[in-house]
Each structure stands twice: as C-alpha cells, then as structure tokens.
Amino acid sequence: MASVFENFQPLAAIATTPTGAQILQPLCQTTGATLWVPNSLSTLEQVAVYKGSLKDHIASLWPNHRALVFCLAAGAAVRLIAPLLTDKSSDPAVVVVDQGGGFVISLCSGHQGGADQLTRLIASQLDSTPILTGAAADLGLPGVDVLGIPFGWYRGKGDWTRVSAVVARGEIVQVIQEAGSTLWQAHLRDGHPFYFGFPEDSATSESESISPKARIWISPTHQQFSPESDLPNVQWYPRVMWVGIGCERGTSKQLIEMAIRQTCEGYGLSENAIAGIATIDRKADEVGIVQLCQERHWPLRTFPADVLRSVTVPNPSDVVAAEVGTPSVAEAAALCGARGLKVSKLFAKRGLLAKVSKLKVEGSNLQATNLQATNLQPLLVPKQIVKSANQPGAVTVAIAQSPVEYTGRMGKLLLVGIGPGNLDQITPAAKTAISSADAVIGYSLYINLISTLRRPGQIIEALPITQETQRAKRAIELAEWGLTVAVVSSGDCGIYGMAGLVLEELRSRGWDGKTPQVQVFPGITALQAAASRVGAPLMHDFCAISLSDLLTPWPVIEKRLEASAAADFVTALYNPRSRNRTEQIAIAQRIFLKHRKPDTPVAIVVSAYRDDENITLTTLDKMLEIPIDMLTMVLIGNQSTDIHQDWMITPRGYQI
C-alpha cells in the first residue's frame, strides 16, 4: 500500500494529543509516513519526538517534505504554516485530519502539490469524508494545472490562476491540442466548459458565437503570451519530440546542448517537449550525449546502422554512409525514436543505463482513437549542423514528433477486488487504490458500483462482461505507457477475477516481474459474502467450483463436482446458470443427491449486499425451484450442516 503514497514521500504526520496520535498511527504504518509527537507522548511506540516548539519543527520539515498531515485544529495548522507559504507550485501538500477522524481536509497545495489527491487517499484509509474546497473538484473537473501530469506533460508558463478562475466560473475555455494523448478529453463530465479547436475553422452559427474567456495550448510549439492580453493563456508541453543526434567523437556536452537549444529556438519549439535523444548505437557511450541525458533525465535510444539505413530521409549523405554505414544518423534516428522502432539501448529516467534489450515501443498499442495524431509524422526539423568556434567537434540535430508522448513514469497495475459491491464491504486499501489510479478498468456493472470512489480526471473504461481479455490487454498497455491502472473485479480479484488473467497476459509478454509494477488488493469474495448473509456454512472444509464451461471443459467440472460431493465438502457454486447454459446446475444437483441426503441445507444468495439482494434457504432436492442466474451464489451444505432459526450452520467440531 505504501507504493500508492510514494508520490508524497517524504511524508510527515503531526499529532499533539494521544487521540490524534491514535488516529494517525495506523495511517503512518500504511503510508510509510513519520509520525511526529511532542515529548509528552514519547512513550508511544513507532513515533518520532520533536524538541522545542512545534512551529520551529514544522519550519524544519517544510523544505524537505512533499506532504504534511496534521491531526489538530485547522486554525492551528493554518497559523503554523502561514509564515512558510511561498508558491503553490513548490509548497508541500498540507492535509488536516479532525480529532474525531471523521473528516480529512485538503488545506494547501490542492492541485499542484497533490493535497486533494492525498486527502482522498487518506479518507479512503480512515473511512472518513474528504473535504475539498477547490472549484475544480466541486465541478467534477480535473484542475487545468494538473490535467497533463498523468501523461508526463511539462507545465509551461502562463496565467494559471486566471485560467483556473475561468473554469471555476463555468465560462468557455478554448483548448488547442496539437500533440499528446486526448484521453483526458474523452473522460470529462457532461457540460464541461472546454471548447476544442478554433471557432473560425467552422462556418456554423453555433461555432461563430463561441467567445472563449481563456485558452489552453497543448503543443510542442512554444507560444509567446502577452502579459497585457485580456485572454489568459497557459501551455502544456507533451513530451513528443525525439531529437536525433550525430556528432564527432569527443564532442562536448555543452556543444550538444547548445545545438539542441539553438535548433529548438530556430523552429519555435520548446525543449520541454523533448521526449528523448536518439542516435546510432556506436554513440551509446559518447560521453557528451550520456552526460546530457543523465542531467536532463532524457532516455537515450540507440539504433544499429542497418536499421537507420532502412529509413527514408530528406537529406542523406554519402560521406556519412561511408563513415558509419548509413547515409543518415540524426534524421533517421529521430524518425526511429519517434516511430518506436526496435531499441538497442535505453537510458532510464534517472540517468542509469538499463539492461541492453530489444524493447519494442509501439505507440499503436494505445489505440488510434486515443491519440491526437495517428499517422506517422514527418520530420519537424530536418538536420541542422552546428559548430562553435569555442568548442571542438560538430553536432547534427534533427527532430521528429511521435504520435505518443513519453511519460517518464513507471507504470503500475493495481489489481483490485471490490467485494460484493456495497461500499461498506470494500477494504480501505482497495478504496485507496481505486482513488489513486490514473485509469480504472472493469466490467461496466462493477464500474457503476464504485462510481462514488472515482475522482475528476480519471480515465474510466468499462468493457462488457465477455471482454475480460481485452480488459487485461488494455490495462497492460496503459501501464506500460506509464499510467497507474486499477483493474477492478467483484469479490476477490484473485478468485475467478482479473488478477490471474492480467498476470498470465504479462507472462506471455515476457514480463520481468518489475515493470510495470503489480500490486494485488484482495476483496471479500462472493462465497464469503453469501455465507455471511446466511450464517456460518463454511466453518468446515469447503471448496468452490464454477459451473461455467466457457474456459473449463465440462467433463473436468463434472469430475470436480463428483469429488467434492463424495468428499463431503461444503460446496460453493459460482456461475451456476446463464441464459444459454441451463443444464449444468441440474447435473450438479443430481451428482450431489447421489452422495447427500435430499434435505441437505442449501443457501441461494442473489446479489449479496447489493440493492437487489435476495436470500433463500432451501434443501438440495428443492433447490431448482428457486430462480438461479449468474448473479447467484449456491452454497450446498455437508452432512453436518443444519438450519436453526433461519441460520445455516456447519459445525466445526468444537461441541461434541
């Protein structure tokens, strides 16, 4: 669970009373936060004790912590942090938990610092009510200053405060998106204030009447905003530009950096939109290139000469071909990097050389409908040769644009069991995982059941019940791209749920067990939920058998039914009957009647803990008289199971 909170590390929690410490201690154990208390509470376990005044201690924590969580009066927290506040883009997130533990308040740095998100996560852990006072949260919209964060976009300059205010007033905001994923657009609530495109591009009377009050640019092109403009502007830079580099051996980092800067400036492009550097494999150890990539956290993709030679470029060179075996390095490498061709070496974001691999980066996996541009782009910048009188060597630069941005993030797969569906039956860890995810994927019914856990800006993809494989593949694609993806299943995700399918699909792709990261969040499975509604039928040995033969041959299922019935297991039957599969439950009944008495207790539980729940206690010989469908759990008792006052009990053997 600590990984869900890793974006807020280091995280400090502060309590000044025993009650506050009691509330925050479990949270700190879950999140990995340090719990600070005064000397008067030093006898408590797993706490850190601060000396002197709390005001001075908070001042010491402020510059080196991503988030602070207080359990004390909001007014006291305000007075403590007021002298320390500088700018919402750099201040840590500040969250306050009330002394009763019933409310969690996002106090400071709600968007850019992540306090709103941290508030939701903590509220899920404490089963509390999150209090978010920002206008975007109230409107059910992502903040304009955070909407690009899941995709690794760089937030540029602009009047973010005024643009946010326009959104808060519900006035029209024009969005000009020239690059990057449009997934965020597809998951806006109805009636949002964003207008996409240029009104003048259309001749309809409706478009001509559009008069935006603010503008958002999403583009690798650097926009110049006038501070005197009545129309506030902001810009996001998707990291879509792959910079192809060719250089003489020994060229300095400074000259390479200058060449890139001059090229970007000359073509009106922003260095903030650079995804990475691409070059020929013989330059993988070029010191200047390596140093630059490490400093700027740019991945380095290198390609062998035969791959580069196969790429058609506008400016091939016979001289270069004679020298390195390909008529183009910079232009061809830029195109290869942008098109996601095979990579021979890759630098990780932190500048560490990853294992040599044959990674295949396929932007097409993200589905054409989710991309701003689906066709391969030509070069944004043909090769430019840059030299300097003060620096030895020479650099060739070319730039190509990828249809898919580089996120620079480690993707995660959160495999979540949501229990029977009632929010009270979902574990705090599962709620936290769902709230933390960039994307939530699942069967439409399950997505609807957790609608109140979703937050503005999340990507929500609901697929039909028969498309489990498509769900798994889609989740993996998004996670490999760098998103945190929650895959939800009813019950426990590892019992007839999506966890096994996702892991199988990862294995088939040669998953290394680390990237993307995987975490499993168990839930109350259907047999547990059904059993709890009728008593204690599972107190002795039991088993679960699915009667669906879509994935398991019926002879195998029948063999398992025979074994369970003969061995006197209490048996839970999943998927007992569907619209087209009606005979299997009757066969199961006949098998059990061969081994058990006709009056053996049977519980038939439909939609446990949901609004349409229906519970029937009957017997083995009469069970088919009760309506049974795919939302039904059938619990067949063993020879000792009995019914007492409408409670189903299977003795464990304590009372003899």
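Residues numbered from 1 in each chain as written. Predicted model: local features only at pLDDT ≥ 70, side-chain atom pairs only at ≥ 80, totals over all residues. Heavy atoms only, no water.

### Some details on the nonpolar core
Ranked by internal contacts, the top residues of the largest apolar core, which has 45 residues, are Leu-24, Val-69, Leu-118, Ile-122, Val-416, Val-440 and Val-488. Among the domains, domain 1 (6–131) and domain 4 (412–524) are the pair contributing at least three residues each to this core. Excluding anything up to four places from it in sequence, Val-488 contacts Val-416, Ile-418, Ile-434, Val-440, Ile-441, Gly-442, Tyr-446, Ile-447, Ile-450 and Met-498. Judged by nonpolar contacts, the second largest core, of 41 residues, contains Trp-153, Val-175, Leu-413 and Ala-439. (Core = buried A, V, L, I, M, F, W, Y, C linked by side-chain atoms within 4.5 Å. Buried < 20%, exposed > 50% of the residue type's maximum accessible area, 1.4 Å probe, protein only. Domains from an automatic or database assignment. Contact = heavy atoms within 4.5 Å.)

### Quick notes on the domain arrangement of the protein
Splitting the protein by domain gives domain 1 (6–131), domain 2 (149–201 + 209–237), domain 3 (241–341 + 378–401), domain 4 (412–524) and domain 5 (527–649). On a C-alpha basis, the centroid separation for the pair domain 4 and domain 5 is 28 Å. With 12 residues of domain 4 at the contact, the number on the domain 5 side is 10 residues. Contact with domain 5 buries surface across domain 4, with Pro-420, Tyr-496 and Ile-524 losing the most and accounting together for 57% of the total. (Buried area = accessible area lost by both parts, 1.4 Å probe.)

### Describing the pairing of strand 18 (residues 391–401)
The element strand 18 is extensively covered by neighbouring structure, given that eight of its 11 residues are classed as buried. Where strand 13 (residues 241–247) lies against strand 18, seven bridges are found, and the strand directions are antiparallel. Residue Met-241 lies in a different strand from strand 18, and its bridge partner there is Gln-401. Hairpin geometry of strand 17 (residues 379–388) and strand 18 is characterised by an intervening segment of two residues between the two adjacent antiparallel strands. (Helix = DSSP H or I, 4+ residues; strand = E, 2+ residues; numbered from the N terminus. Pairing = 2+ DSSP bridges.)

### Quick word on the environment of Glu-286
Residue placement: Glu-286 occurs in the loop between strand 14 (274–280) and helix 10 (287–296). Along the backbone, Glu-286 and Lys-431 are 145 residues apart, and their C-alpha atoms lie at a distance of 48 Å. When residues no more than four places from it in sequence are discounted, the contact partners of Glu-286 are Cys-247, Glu-248, Arg-249, Gly-250 and Thr-251. Within polar-contact distance, the side chain of Glu-286 engages the backbone nitrogen of Gly-250 at 2.8 Å. (Polar contact = N/O pair within 3.5 Å; in protein donor to acceptor, adjacent residues only side chain to side chain.)

### Side note on the UniProt feature "domain: Tetrapyrrole methylase" (unreviewed entry) in the protein
In the numbering used here, UniProt assigns the "domain: Tetrapyrrole methylase" (unreviewed entry) feature to residues 412–622. Spanning residues 412–622, this segment combines 35% helix with 24% strand, and its end C-alpha atoms are found 48 Å apart. (UniProt positions renumbered as here; feature names shortened; annotations may be inferred.)

### Quick notes on the side chain of Thr-571
Structurally, Thr-571 can be placed in strand 26 (residues 570–574). With a relative accessible area of 0%, Thr-571 lands in the buried category. Side-chain polar atoms of Thr-571 contact the side chain of Ser-564, separated by 2.5 Å. Among the polar contacts listed, one links the side chain of Thr-571 to the backbone oxygen of Phe-569, at a separation of 3.0 Å. With near-sequence residues (within four places) excluded, Thr-571 lies in contact with Cys-543, Ile-545, Ser-564, Phe-592, Arg-596, Val-634, Leu-635 and Ile-636.

### Considerations on the packing of helix 19 (residues 554–566) against helix 20 (residues 584–595)
Put simply, helix 19 and helix 20 touch, their axes get as near as 9 Å, and they point 30° apart. On the basis of their axis angle, the class for helix 19 and helix 20 is roughly parallel. In this structure, helix 19 meets helix 20 at a crossing whose hand is right-handed. Here Trp-554, Glu-558, Leu-561, Glu-562, Ser-564, Ala-565 and Ala-566 of helix 19 lie close against helix 20, whose contacting residues are Gln-584, Ile-587, Ala-588, Ile-591, Phe-592, Lys-594 and His-595. Here the contact of helix 19 with helix 20 is built from residues that sort into eight nonpolar, three polar and three charged. (Axes fitted to C-alpha atoms, helices over the stretch in contact; angles between N-to-C directions. Parallel < 35°, antiparallel > 145°, perpendicular 65-115°, else oblique. Left-handed = near helix turned anticlockwise from the far one by under 90°. Nonpolar A, V, L, I, M, F, W, Y, C, P; charged D, E, K, R; others polar.)

### Structural notes on the sheet that holds strand 24 (residues 535–536)
In spatial order, the strands read 24-31-30; together these three strands make up an open sheet with mixed pairing. Edge strands, defined here as strands with exactly one partner in the open sheet, are strand 24 and strand 30 (642–644). Relative to strand 31 (residues 647–649), strand 24 runs parallel, the two sharing two bridges. Pairing of Ala-536 across the sheet is with Ile-649, part of strand 31.

### Here we look at the pattern of salt bridges
Tallied over the entire structure, the rule returns 18 salt bridges. Measuring nitrogen to oxygen at the nearest pair gives 3.0 Å for the salt bridge that ties Arg-409 to Asp-438. One end of the pair, Arg-409, is in the loop between strand 18 and strand 19 (412–417); the other, Asp-438, is in the loop between helix 14 (428–436) and strand 20 (439–443), and 29 residues separate them in sequence. Arg-409 gets classed as partly exposed once you look at its relative accessible area, which sits at 27%. In this structure Asp-438 comes out as buried when scored by relative accessible area, which is 9%. A salt bridge links Arg-474 to Glu-461; its shortest N-O distance comes to 2.9 Å. One end of the pair, Arg-474, is in helix 16 (residues 468–481); the other, Glu-461, is in strand 21 (residues 459–463), with 13 residues separating them in the sequence. Of the two residues examined, Arg-474 and Glu-461, each falls in the buried class. Shared partners join several salt bridges into a network, and the residues in it are Arg-249, Lys-283, Asp-285 and Glu-286. (Salt bridge = Lys/Arg side-chain N within 4 Å of Asp/Glu carboxyl O.)

### Here's the deal with the packing of helix 1 (residues 18–31) against helix 4 (residues 115–126)
Contact geometry for helix 1 and helix 4: axes closest at 10 Å, N-to-C directions at 110°. Of the possible angle classes, the one that applies to helix 1 and helix 4 is roughly perpendicular. The crossing of helix 1 and helix 4 is right-handed. Contacts between helix 1 and helix 4 pair Ile-23, Leu-27 and Thr-30 from the former with Ile-122, Gln-125 and Leu-126 from the latter.

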